[in-house]
Amino acid sequence: MKRKIITIDEDACTGCGQCIPDCPEGALQVIEGKARLISDLFCDGLGACIGTCPEGAIRVIEREAEPYDERAVMQNIINQGPAVIAAHLDHLRTHGEHELYRQAISFLQDQKIQVPDHNTQHGPHHGNRAGCPGAAMHTIPRPHEKKGTQTDARTESELQQWPVQLRLIHPHASYFDNADLLIAADCVPFAYADFHRDFLKGKILLIFCPKLDADIDEYIDKLAEICRLHAIHSVTIVHMEVPCCSGVSSVVNQAIHLSEQKIPVEEITITINGNVK
């Protein structure tokens, strides 16, 4: 069947092993100095391992693969203890994989294994293992102003072009000439209240999601073409603090390297509370 599954760029992979703890399913191992996907059966294609790769060597693609087998995964991880089982259950729940979650709980019950505590609202970390931090649920308290107390003037849009989604952008567009680029993760403008005023003013905007968008290679090639065709003065990257979001930087850096242009890059990280980190 054709489905989403991870792939690893062996040339980029250094074998550091940072991806291994974020795959409680046990689909990854470091073998002969490189991270390897040991079985299609164990990879759910949700990409929890992506954000922890410092080299950007892991991404999600769609290809022919054996169907993911939840019971096989559970059989593989139960000997690793409650912390790993909890991380896996968290991983399924935070990604909305309710049927796979049901299968996992059923397997534990069939094996008469106690279901460990895995309340995702308490955070993604359990022991030395983790679920997907980028999908963990958070409530962010905000002070509520009373009606009639709003004194700030209406914020004006600083957007200079359309479209903004990288998939829809045409590399030959004239607005890239002599431009300063702002390349942002999809979630940033929602998390950071003064996005237009502090980041967008005077810049051409491109947005994408390094985890959920399907063809990241296409994005790298398109950005590289933009950099080759136009005099780009600077690139500002703005992404969220969650690990998977750091993939924005990897895409941009690969594209600039591919373009063989020297372009100054500034990277800004936004916390889930809406502040600059």
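See the structure printed just above.
All values derive from a computational prediction rather than experimental measurement. (Residues numbered from 1 in each chain as written. Predicted model: local features only at pLDDT ≥ 70, side-chain atom pairs only at ≥ 80, totals over all residues. Heavy atoms only, no water.)

Quick word on the overall build of the protein
- Each helix and strand counted, the protein has seven helices and ten strands in total.
- When the 277 residues of the protein are sorted by exposure, 47% land in the buried category.
- With an accessible surface of roughly 14,800 Å², the protein has 49% of that area assigned to carbon and sulfur atoms. (Helix = DSSP H or I, 4+ residues; strand = E, 2+ residues; numbered from the N terminus. Buried < 20%, exposed > 50% of the residue type's maximum accessible area, 1.4 Å probe, protein only. Areas by Shrake-Rupley, 256 points an atom, 1.4 Å probe, with all protein chains shown as cover.)

Details of the packing of aromatic side chains
- With the rule as written, the count across this model stands at four aromatic pairs.
- Between Tyr192 and Phe199, the ring centres sit 4.8 Å apart and the planes meet at 35°, which makes this aromatic pair tilted.
- The class of Phe199 is buried, set by a relative accessible area of 8%. (Phe/Tyr/Trp six-rings, centres within 6.5 Å; stacked < 30°, edge-to-face > 60°.)

Section: the pattern of salt bridges
- Counted under the stated rule, the structure contains nine salt bridges.
- Its salt-bridge partner being Asp110, residue Arg71 comes within 3.5 Å of it at the nearest N-O pair. Here Arg71 is found in helix α1 (residues 70-77), whereas its partner Asp110 is found in helix α3 (residues 98-110), with 39 residues between them in sequence.
- Taking relative accessible area as the criterion, Arg71 reaches 36% and is therefore assigned partly exposed. (Salt bridge = Lys/Arg side-chain N within 4 Å of Asp/Glu carboxyl O.)

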